[in-house]
Amino acid sequence: MVAIGEASRLSGVSIETIRYYEREGIVSKAGRTSSGRRLFTDAEIAELRFIKRCRDLGFSVHDAVALKSIARKPNDACQSVEQLGRKHLTNVQEKIGELRQLECALTELISNCEQGRKQCPMLHALMS
């Protein structure tokens, strides 16, 4: 069993995030010593790593909790995980499309800029 600082280092999750996850019920609460210090087991650190990996892939906290729940019921895990994964992939693809549109708009605005002009076309476009 390890203290919260070591659990943070081992899981890659910041101390404040660990506290938040515990407070919100996203992860199991760690056991405590008689003085109130948290002590994390290997299983609790693994749970933190799981949530972190989900978050690193862009899953929402809600989806990460759902995936954690699915992992506990391996019989129907694959189909449920696939559904969540496909939904998330669709969202990512939509965001990529939006970012491409943003890139085009910014490229156009920047290309309209000419040094030394009193009226900046980019600022004019942003104000109108």
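What this report covers is the structure whose coordinates are included nearby. Please read these numbers as outputs of a predicted model, since none were measured by experiment. (Residues numbered from 1 in each chain as written. Predicted model: local features only at pLDDT ≥ 70, side-chain atom pairs only at ≥ 80, totals over all residues. Heavy atoms only, no water.)

### Structural notes on the side chain of His88
(1) Moving on: On the secondary structure map, His88 appears in helix H5 (residues 77–111).
(2) Moving on: Overall, His88 belongs to the buried group, its relative accessible area being 12%.
(3) Moving on: In terms of polar contacts, His88 uses its side chain to reach the backbone carbonyl oxygen of Leu57, at 2.8 Å.
(4) Moving on: Aside from chain neighbours lying at most four places away, what touches His88 is Leu57, Gly58 and Phe59. (Helix = DSSP H or I, 4+ residues; strand = E, 2+ residues; numbered from the N terminus. Buried < 20%, exposed > 50% of the residue type's maximum accessible area, 1.4 Å probe, protein only. Polar contact = N/O pair within 3.5 Å; in protein donor to acceptor, adjacent residues only side chain to side chain. Contact = heavy atoms within 4.5 Å.)

### A look at the pattern of salt bridges
(1) Moving on: Applying the stated criterion to the full structure yields seven salt bridges.
(2) Moving on: Residues Arg19 and Glu16 are paired through a salt bridge, measuring 2.6 Å at the closest nitrogen-oxygen approach. Here the residue Arg19 and the residue Glu16 both occupy positions in helix H2 (residues 15–24), the gap between them amounting to three residues, near one helical turn.
(3) Moving on: Judged by relative accessible area, which is 30%, Arg19 ranks as partly exposed.
(4) Moving on: Here Glu16 falls in the exposed class, since its relative accessible area comes to 52%.
(5) Moving on: Close ionic contact of Arg86 with Glu82 constitutes a salt bridge, the shortest N to O distance being 2.9 Å. Separated by four residues within a single helix, Arg86 and Glu82 lie in helix H5, roughly one turn from each other. (Salt bridge = Lys/Arg side-chain N within 4 Å of Asp/Glu carboxyl O.)

Read these as geometric descriptors, not functional statements.
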